[in-house]
Amino acid sequence: MNDYNKNTVTKLSIEKNLLKMNNSKRCILITIDCWRLDRLQIFGNEMKVMPNMNNLCKKSIIFKNMIANSSNTAPSFYALFNSKIPVIDGDYTPLPINEDSLPKMLMKHDIKTCGIHSNPHLGRLTHYDYGFNEFFDLFEKQNKKSFKKILIGIIYNLFKILKVENLFVSIKSLIIERIRRLLRMYKNSNNQIKSPYANAKIITSKAINWLTNNYENPFFLWIHFMDAHSPYFPPNEFIGNITDTFISEKKKKFLHEWGNNFRPFMKLSKNHNEIYKKLIKSLYDAELNYIDHYIGIFISFLKKIKIFEDCNLIITADHGEALFEHGNLGHQICLYDELLRVPLIMKLPKIHSKFNKQLKFNDLVESIDIAPTILDFFSIPENKTYRGISFLPLVNGEYFDKKKYVFSALLHNKNKVYSAIRKKDIPYYIMISCRTENWKLIYDEQFNQYEFYNLLEDPNELINLYDKNVSELNFIKRLMLKKLREKMEIYNSETNKISRIISLHKINGRI
Ligand SMILES: [Zn+2]
């Protein structure tokens, strides 16, 4: 048995029991960008932000400790689709074309695959279309290149030819971007900011159209919603479902700018800060309420064509969203639980009475487990390169070797997460977390900084215990460094970041 919970006993139990239990050849994976766990009623939300999802939860399997393997889209989807831990198991973007992603595996086994999304990190440029029979990139459609963007591209290339492209980046970010932000912030305009993403109505409609022609044969459908991603501009009627406060288009725009530029130097009173934060949270909730409305419509459609009861349905998030818990809005460079602990709801076909009611599991599961679980739905043998493990044995009451820890990671530099759609010519640093059921260690290579939290006593991760001589620290720190050392061969000698970390801590010989 290796340290990642794969074991022959588990696989045997899958083959003997689950395959005969679950013989449905239909699977729908719904992912919601920036979806926070605490917006579900089952996790204490009294606002009924997502009533349709709450209803679904009543007859579904709920995982209370689903951990995303990263806090940003690109690294997190590498875990979801390729069952690999970003950074530790490889370069996460673009998606490596030589690896067996989930859709590629399904396509090889004659399952018809369809992907519908509107996220620039998940498009053709980053190879997310590989393995899909039909792939609808609604971001591409929504964002035809403007003349302004083409002009900026030409100027950038000129600077590049002159080998002073860094000067261009500096000028752009230091001067142009700041002036642009300030102008936008104080400009008196009632114009609504146009979201770059296709909304839930468009995504759902596309999914319904596709299913209408394909539901009778084995299929895998992946749908990704972007509405809960900033900017939060929900339709007004959905704001009304969340708060009594009227928020005009102008106010939404102001809140968007204020939230994204949130700094103490704004010199607003503490009271004002709190009011604005509350309004931003209302907008975020209204976006989830909007998504939920269309999920309700989608589920009604599944019932209408009579496949809801016979379908494997998984709903989860690539990562959560920070709403000022640690000072930030959005999903910036951090690995706190508001970003990593995400919802995971699974509805299995109604062939066993056991699954007609709500089942809850406290066990640690992670994004890398989703692809092996979906392969299990289709009785497709395990892919040996996958790092995750199907959690169907856990659900079915079979032997399941509990995970003792989960890693999450990303590469970053200052305020930017490494991604294929950004420039690669600056150094990137590792940020990694290792968590057990009760403890979490976070390490940031760029600032050589550790944070260590007792998740049981301090679930909001506010009291850093790194210097407090806690005995669990050494165990987790060794786990983390061991994991990094195991994987150092994936990095070339030029960057060799992991080697640097290990020598930095002078414990190479001891782990
Ligand atoms: Zn995302």
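Above: the structure in question.
Small disclaimer: the values here were computed from a predicted structure and weren't measured. (Residues numbered from 1 in each chain as written. Predicted model: local features only at pLDDT ≥ 70, side-chain atom pairs only at ≥ 80, totals over all residues.)

(A) Looking closely at the environment of D401. For D401, the position within the fold is in the loop between α14 (392-395) and β12 (406-413). Taking the C-alpha atoms as reference, D401 lies 9.9 Å from I389; in sequence the two are twelve residues apart. (Helix = DSSP H or I, 4+ residues; strand = E, 2+ residues; numbered from the N terminus.)

(B) Highlighting the environment of L56. Tracing the chain through its elements places L56 in helix α2 (residues 51-57). Residue L56 is classed as buried on the basis of its C-beta count, with 21 C-beta atoms lying within 10 Å. Every residue in contact with L56, bar those within four places of it in the chain, is listed here: I299, I345 and K347. (Buried ≥ 20, exposed ≤ 12 C-beta atoms within 10 Å, placed from the backbone. Contact = placed C-beta atoms within 7 Å.)

(C) Focus on helix α10 (residues 249-260). Between its terminal C-alpha atoms α10 stretches 17 Å, which fits the 16 Å expected from twelve residues at 1.5 Å a residue. Burial in α10 covers these residues: K252, K253, L255, H256, W258 and G259. (Expected span 1.5 Å × (residues − 1).)

(D) Quick peek at helix α15 (residues 471-486). The end-to-end C-alpha separation of α15 is 24 Å, in line with the 22 Å expected for 16 residues at 1.5 Å each. All of the buried residues in α15 are M480, L481, K483 and L484. Down the axis of α15, the buried set is contained in an arc of 155°. They therefore lie on one face. Every exposed residue of α15 that faces more than 90 degrees away from the buried side is listed here: S471 and N474. (Arc of directions from axis to C-beta.)

(E) Up close: the sheet that holds strand β16 (residues 449-454). If you trace the five strands from one edge of the open sheet to the other, you get β13-β12-β14-β15-β16, paired in antiparallel fashion. Of all strands in the sheet, those with a lone pairing partner are β13 (416-417) and β16, marking the two edges. Of the pairings in the sheet, the one linking β12 to strand β14 (residues 429-435) comprises seven bridges and is antiparallel in character. Within the sheet, the bridge partner assigned to L411 lies in β14 and is I430. Contacting β12, β14, β15 (439-444) and β16, α15 crosses the sheet at an angle of about 50° to β15. (Pairing = 2+ DSSP bridges. Axes fitted to C-alpha atoms, helices over the stretch in contact; angles between N-to-C directions.)

That's the geometry; what it means functionally is another story.
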